Amino acid sequence: MDTLLDFIEKVVGAKNILRGEDVRARSTDWITKEPCLALALVRPASADQLSQVMALCYEADQPVVTHGGLTGLVRGAVAASNELVISLERMAEIESVDPVGGTLTVQAGVPLQIVQEAAEQIGMQFALDLGARGSCTIGGNIATNAGGIRVIRYGMMRDQVLGLEVVLADGSVVSSMNNMLKNNAGYDLKHIFIGSEGTLGIVTRAVLKLQPQQSASQTALVACDSFESLVGLLQHMRQTLGGEPRRI
Ligand SMILES: Cc1cc2nc3c(=O)[nH]c(=O)nc-3n(C[C@H](O)[C@H](O)[C@H](O)COP(=O)(O)OP(=O)(O)OC[C@H]3O[C@@H](n4cnc5c(N)ncnc54)[C@H](O)[C@@H]3O)c2cc1C
């Protein structure tokens, strides 16, 4: 095992492979705060480094668990003592902004809120929003196909992703960094990975679709006395308000 970790250390540098107490000092579940039990935690800086790390793990039959912002509610990021954690915390850059095409190209470790703020700076908005926005990452949002509080109007995370780059278990890199809204060329591989909770590959980069900012908004507190009246209210708003409600 030490041999594998030593090889990985050569790829990411000594500072970026945590062992022993440095791993226990981190928790993997924000509700229970239980310590991370993984045998080591690796922090690659690029898809290339991650690809090399995954190839080494594949050769050694070493299971891995990916960590984003650790805000997931179903313990998908909890690692057992025989597993290695791959943290995307060093891959957290917004690589490019395209105000004309309305896209952002980002690394998977960027927190959702940073993406929202980058979109606002160019007069647009990123449609996904959820309470964990300050901590959850775009990679985690993609891996869980997050829904959030604007889902009725804008859809799930799946609907906000134009392109994706993923590192597979054997270290190969699948790149479909498409940035066009209209693209029907061949298989749309990204959809296999979105919502796969890291079981099929580790998301490293994404092209995100932006929406126009809303020029005005109004807030109302509406109480419904039955499920039927709630559905009726939604239908009524769709027909009369020129669009869906933004948040529910
Ligand atoms: C206050 C609060 C509100 C929330 N509201 C919502 C909501 O409205 N809708 C909703 O859907 N969820 C919600 N969640 C759940 C959670 O925030 C989302 O699931 C979020 O998308 C997880 O992102 P993360 O970066 O924290 O992922 P993590 O918790 O780190 O990981 C979640 C899963 O994704 C995998 N993963 C993480 N990064 C990657 C990657 N780069 N590549 C491959 N796999 C990866 C992990 O292995 C794990 O299985 C909420 C959570 C909190 C705490």
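As the structure is a prediction and not an experimental result, all values here were calculated from the model.

### Remarks on the pattern of salt bridges
All chains considered together, the criterion is met by 11 salt bridges. Ionic pairing is found between glutamate 89 and arginine 43, a salt bridge with its closest N-O pair at 3.0 Å. One end of the pair, glutamate 89, is in the loop between β4 (84–87) and β5 (94–98); the other, arginine 43, is in the loop between β2 (40–42) and α3 (47–59), with 46 residues separating them in the sequence. Given a relative accessible area of 17%, arginine 43 falls into the buried group. With a closest N to O distance of 2.6 Å, arginine 133 and aspartate 129 form a salt bridge. Arginine 133 sits in the partly exposed class, given a relative accessible area of 26%. Taken together, the salt bridges that share partners define one network made up of Asp6, Glu9 and Arg19.

### Brief notes about the sheet that holds strand β8 (residues 161–167)
Strands sit in the order β5-β6-β10-β8-β9 across an open sheet of 5 strands; the sheet is antiparallel. Edge strands, defined here as strands with exactly one partner in the open sheet, are β5 and β9 (173–176). Each neighbouring strand pair of the sheet contributes to a mean axis angle of 10°, computed without reference to strand direction. The sheet contact formed by strand β6 (residues 103–107) and strand β10 (residues 202–209) spans 5 bridges and is antiparallel. Residue pairing across strands places glutamine 107 opposite arginine 205, the latter belonging to β10. The sheet contacts of α3 involve β8, β9 and β10, and relative to β8 the element is tilted by about 45°.

### Considerations on the site of the ligand
Lining the immediate surroundings of the ligand are 31 residues, of which Thr66, Gly69, Thr71, Thr137 and Glu197 lie closest. In the complex, 84% of the free accessible area of the ligand, which totals 970 Å², lies under the protein chains. The site holding the ligand turns out to be the largest pocket. Here the element with the most residues in the shell around the ligand is helix α5 (residues 138–144); it accounts for 5 residues. Looking at the shell around the ligand, its residues break down into 13 nonpolar, 17 polar and 1 charged. Residue assignment places the shell around the ligand across two domains, with domain 1 (2–87) and domain 2 (94–212) each supplying three or more.

### Remarks on the side chain of serine 87
Residue placement: serine 87 occurs in strand β4. Among the polar contacts listed, one links the side chain of serine 87 to the side chain of glutamate 89, at a separation of 2.7 Å. For serine 87, the contacting residues outside a window of four places in its chain are Leu41, Val42, Arg43, Pro44 and His67.

### Observations concerning the side chain of asparagine 145
Summarising the element assignment, asparagine 145 is placed in the loop between α5 and α6 (151–154). Judged by its relative accessible area of 13%, asparagine 145 is buried. From its side chain, asparagine 145 meets the backbone nitrogen of arginine 158 in a polar contact 2.9 Å long. Not counting residues up to four positions away in its chain, the partners in contact with asparagine 145 are Met156, Met157, Arg158, Ile194 and Gly195.

### Topic: the pairing of β9
Here β8 pairs with β9 via 4 bridges, running antiparallel. If you follow valine 167 over to β9, its bridge partner there is valine 173. Turn length for the β8-β9 hairpin, with the two strands adjacent in sequence and antiparallel, is 5 residues, and the turn residue glycine 171 shows positive phi of about 95°.

### Side note on α3
Between its terminal C-alpha atoms α3 stretches 18 Å, which fits the 18 Å expected from 13 residues at 1.5 Å a residue. Looking at α3, one finds that the buried residues are Ala47, Gln49, Leu50, Ser51, Val53, Met54 and Cys57. Of the residues flanking the end of α3, it is aspartate 61, one or two places downstream, whose phi is positive at about 60°.

### Topic: the layout of surface pockets
Here the largest pocket defines a volume of roughly 930 Å³. Around the largest pocket, the lining is made up of 43 residues, and of these Thr66, Gly140, Ala143, Thr144 and Glu197 lie nearest the centre. Broken down by secondary-structure element, the contributors of at least two residues to the lining of the largest pocket are α3, β3 (64–67), α5 and β10. Counting residues per element, the lining of the largest pocket draws most heavily on α5, at 5 residues. Partitioned by chemical class, the residues of the lining of the largest pocket number 23 nonpolar, 17 polar and 3 charged. When residues of the lining of the largest pocket are assigned to domains, at least three map to each of domain 1 (2–87) and domain 2 (94–212).

Reading the values: the criteria
- Residues numbered from 1 in each chain as written.
- Predicted model: local features only at pLDDT ≥ 70, side-chain atom pairs only at ≥ 80, totals over all residues.
- Heavy atoms only, no water.
- Salt bridge = Lys/Arg side-chain N within 4 Å of Asp/Glu carboxyl O.
- Helix = DSSP H or I, 4+ residues; strand = E, 2+ residues; numbered from the N terminus.
- Buried < 20%, exposed > 50% of the residue type's maximum accessible area, 1.4 Å probe, protein only.
- Pairing = 2+ DSSP bridges.
- Axes fitted to C-alpha atoms, helices over the stretch in contact; angles between N-to-C directions.
- Contact = heavy atoms within 4.5 Å.
- Near = heavy atom within 4 Å.
- Areas by Shrake-Rupley, 256 points an atom, 1.4 Å probe, with all protein chains shown as cover.
- 1 Å grid on protein atoms, 1.4 Å probe; cavity = no way out; pocket = protein on both sides within 12 Å on 5 of 7 lines; lining within 4 Å.
- Sits in = over half its atoms within 2 Å of the grid points.
- Nonpolar A, V, L, I, M, F, W, Y, C, P; charged D, E, K, R; others polar.
- Domains from an automatic or database assignment.
- Polar contact = N/O pair within 3.5 Å; in protein donor to acceptor, adjacent residues only side chain to side chain.
- Expected span 1.5 Å × (residues − 1).
- Points joined across faces, edges and corners; volume = space filled by probe spheres on them.

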